[in-house]
Amino acid sequence: MMLEIVSRNKSFGGWHTQYSHHSQVLACPMRFAIYLPPQAVEGNPVPVLYWLSGLTCSDENFMQKAGAQRIAAELGIAIVAPDTSPRGEGVADDPAYDLGMGAGFYLNATQSPWHAHYQMHDYVTDELPALIEAHFPVSTRRAISGHSMGGHGALVAALRQPERYLSVSAFSPISHPSLCPWGQKAFTAYLGDDTKAWQAWDSCELLSRYEGQPLPTRVDVGLDDSFLTTQLGIEDLVAAAQARSWPLELHQHPGYDHSYYFVASFIEDHLRFHARYLLA
């Protein structure tokens, strides 16, 4: 598969590079960013943290705003950040910020016109890791994390395919999308009106009937997040985890909101959390 370099910058002894490629799964060009720490540059395969961003974001938001490279360089962990949706000519879109381009919700759409391109779950969990592992000095030891819509995507990916990851974390995740305005709007468009079909893409619903080996999980949320009570459903996630004896670490932070100021404040904690499993 052809990879084209979009941009490249040295950072903390490693390299942050943006690439474009044609996605077979999404049937359109896609862009992703990868940070390779110095250990990988020296030729040693390193584990990978996959980061999924939230509504309106691209691969650039996390890499430019979170300040994760310094700790990733110290620990020897690569970071891969895909875009949040398919994009380009012929890709279905919507005028609203919370549907269409920039709002793929990391699921596999079944409804027209979205199903032609919006297969983000398969892209993030299958096609992209295969691409990364074929072209870069990384191992198959993976973790996944994300913010808001991306936190939803990370939790769903880990619950649907736990064998692919060693740990999962999320900042301010949309935890019970079937019961919140963002999720209901996206699920109706992408999956249709049958709410039973939504359960396959809802962290709380997946967790409530999970039967496999649990994954170490960390969730951080700001208590001054304006979306806390209307969109995130954190209490439902905690209840579902407790009912299944799921190892969920919940960290609540007074004064913090939904922004990348919040993510940047605690990204080191998340990277060190994942390092316990990725580097074991």
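Residues numbered from 1 in each chain as written. Predicted model: local features only at pLDDT ≥ 70, side-chain atom pairs only at ≥ 80, totals over all residues. Heavy atoms only, no water.

Caption draft 1: Here's a closer look at helix H6 (residues 181–191). Of the residues making up H6, those classed as buried are Trp182, Gly183, Ala186, Phe187, Ala189, Tyr190 and Leu191. Down the axis of H6, the sector holding all buried residues measures 170 degrees, keeping them to one side. If you follow the buried residues of H6, they end up packed against helix H5 (149–160), helix H7 (195–198) and helix H9 (228–232). Remark: glycine 192 follows H6 within two positions and exhibits a positive phi of approximately 95 degrees. (Buried < 20%, exposed > 50% of the residue type's maximum accessible area, 1.4 Å probe, protein only. Helix = DSSP H or I, 4+ residues; strand = E, 2+ residues; numbered from the N terminus. Arc of directions from axis to C-beta. Contact = heavy atoms within 4.5 Å.)

Caption draft 2: Quick peek at helix H4 (residues 120–135). The largest bend in H4 comes to about 30 degrees, at leucine 128, with the proline proline 129 one to four residues further on. Listed as buried for H4 are Met120, His121, Tyr123, Val124, Thr125, Glu127, Leu128, Pro129, Leu131 and Ile132. (Bend = angle between axes of the 7 residues up to and from the residue.)

Caption draft 3: Looking closely at the side chain of serine 175. With respect to the helices and strands, serine 175 occurs in the loop between strand S7 (168–171) and H6. For serine 175, a relative accessible area of 0% translates into the label buried. Apart from the residues lying within four places of it in its own chain, the contact partners of serine 175 are Asp202, Ser203, Cys204, Leu232, Gly233, Ile234 and Leu237.

Caption draft 4: Quick peek at the pairing of strand S5 (residues 78–82). The element S5 is largely enclosed, with a buried count of five among its five residues. Of the two faces of S5, both are covered, the one formed by Ala78, Val80 and Pro82 as well as the one formed by Ile79 and Ala81. Here strand S3 (residues 28–36) runs beside S5; their pairing, made up of four bridges, is antiparallel. For isoleucine 34, the partnering residue across the bridge sits in S5 and is valine 80. Here strand S4 (residues 46–52) pairs with S5 via three bridges, running parallel. By the bridge assignment for S5, leucine 49 is matched with isoleucine 79. (Pairing = 2+ DSSP bridges.)

Caption draft 5: Region of the structure containing the environment of serine 85. As for its position among the elements, serine 85 is in the loop between S5 and H4. According to the relative accessible area criterion, serine 85 is buried, its value standing at 0%. C-alpha of serine 85 to C-alpha of leucine 55: the two residues are 30 residues apart in sequence and 9.6 Å apart in space. Apart from residues no more than four positions distant in its own chain, serine 85 is found in contact with Met30, Gly100, Met101, Gly102, Ala103, Gly104, Tyr118 and Met120. Among the polar contacts made by the side chain of serine 85, one reaches the main-chain amide nitrogen of glycine 102 at a distance of 2.7 Å. (Polar contact = N/O pair within 3.5 Å; in protein donor to acceptor, adjacent residues only side chain to side chain.)

Caption draft 6: Spatial organisation of the nonpolar core. Membership of the largest hydrophobic core comes to 67 residues, with the highest contact counts inside it found for Phe32, Phe105, Ile132, Ile144 and Tyr190. The biggest single contributor to this core is H5, with seven residues. Not counting residues up to four positions away in its chain, the partners in contact with isoleucine 132 are Phe32, Ile34, Tyr50, Val80 and Val138. (Core = buried A, V, L, I, M, F, W, Y, C linked by side-chain atoms within 4.5 Å.)

Caption draft 7: Structural view of unusual backbone geometry. Between serine 112 and proline 113 the backbone carries a cis peptide bond, its omega angle lying at 0 degrees. Looking at the secondary structure, you find proline 113 in the loop between S5 and H4. One non-glycine residue, serine 148, lies in the positive phi region at around 60 degrees. The topology assignment puts serine 148 in the loop between strand S6 (138–146) and H5.

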